[in-house]
Amino acid sequence: MILELRDICKDYIQGKMTVPVLKNVCFEMEEGEYVAIMGPSGSGKTTLMNIIGCLDQATSGSFLLDGEDIGSMNDNQMSEIRLHKIGFVFQSFQLLPRQSALENVMLPLSYAKVPKKERRERAVEALERVGLGERIDFKPTQLSGGQKQRVAIARAIVNRPKILLADEPTGALDSRSGEQVMELFHSLNEEGVSILMITHDADIASCAQRQVIIRDGILRQGGKEG
Ligand code: ADP
Ligand code: MG
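Thresholds applied
- Residues numbered from 1 in each chain as written.
- Chains lettered and ligands numbered in written order.
- Predicted model: local features only at pLDDT ≥ 70, side-chain atom pairs only at ≥ 80, totals over all residues.
- Heavy atoms only, no water.
- Core = buried A, V, L, I, M, F, W, Y, C linked by side-chain atoms within 4.5 Å.
- Buried < 20%, exposed > 50% of the residue type's maximum accessible area, 1.4 Å probe, protein only.
- Helix = DSSP H or I, 4+ residues; strand = E, 2+ residues; numbered from the N terminus.
- Contact = heavy atoms within 4.5 Å.
- Expected span 1.5 Å × (residues − 1).

A.B. asks: Describe the nonpolar core, with residues and values.
C.D. replies: In this structure, Val105, Leu127, Val151, Ile153, Leu164, Phe185 and Met197 are the most contacted members of the largest nonpolar core, which totals 43 residues. Of all the elements in the fold, those that place two or more residues in this core are strand S3 (34-38), helix H3 (101-111), helix H4 (116-129), helix H5 (145-157), strand S7 (163-167), helix H6 (175-190), strand S8 (194-198) and helix H7 (202-205). For this core, the element with the most residues is H5, which contributes 6 residues. Non-local contacts of isoleucine 153, meaning those with residues more than four positions away in its chain, are made with Val89, Val130, Val181, Leu184, Phe185 and Leu188. Core analysis: the next-biggest nonpolar cluster, separate from the first, contains 30 residues, Val25, Phe27, Leu165 and Val212 among them.

Printed below as a string of structure tokens:
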């Protein structure tokens, strides 16, 4: 099992009020699965993704990633998990604007203290993998939206993560570029990468093997209430 969430609750404190945002979310994902989370704006999708991505902790409940109990970890341990097990793709790409595609993709490898020569080789390989072998020296401003997202995907996979987390990965793209991103996700999944993707586009969600719905902080998976 790559993900096991049991009764995950997340509350935000607003003034004197406690606002429950995730309500007893139970969710499991097998290694190698490709799952889409759908739900309206404000339903808690990003909050859930931030917990699964080890960027934030739940208020209560238990969460195992690749068998490891994240709930008991400190910030340093969580950043190690992020670095070695998780790749992130965001709607807004989140590339460093002044760095080339190659430098953006090499960045996680320098955090992981991979030797310099190997960093470059692996980053080039990742960029070739996403069809951008000819664009490695281009800066984000010199790339289209679809190309920027493919650089972001190269950066997400360069550390060979167990799971790829994508929050509205096609939200800022035209439909053709969105299709290319979906083709890439499909082939990465065929190679064994688990993928969890947030979207509110039903066509994009149908690219995944399984769809779950979150509404008002309550997740429903496979017909049973979470
Ligand atoms: P989605 O990604 O599905 O649009 P979010 O997870 O971003 O939804 O937000 C879910 C709810 O939690 C919203 O009502 C939002 O206002 C609230 N929320 C999100 N982040 C915070 C925060 N840091 N503090 C207070 N409330 C928050
Ligand atoms: Mg969101």
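More follows now that the structure is in view.
A.B. asks: Can you lay out H4 for me, pointing to particular residues and giving the numbers?
C.D. replies: Structural remark: α-helix, 3.6 residues per turn; residues separated by three or four positions point the same way. The terminal C-alpha atoms of H4 lie 20 Å apart, and with 14 residues this matches the ideal 20 Å at 1.5 Å per residue to within 8%. Within H4, the full set of buried residues consists of Arg119, Arg122, Ala123, Val124, Ala126 and Leu127. Directly after H4, the chain includes glycine 131, whose backbone phi takes a positive value near 80°.

By themselves, these are just geometric observations and shouldn't be taken as functional.
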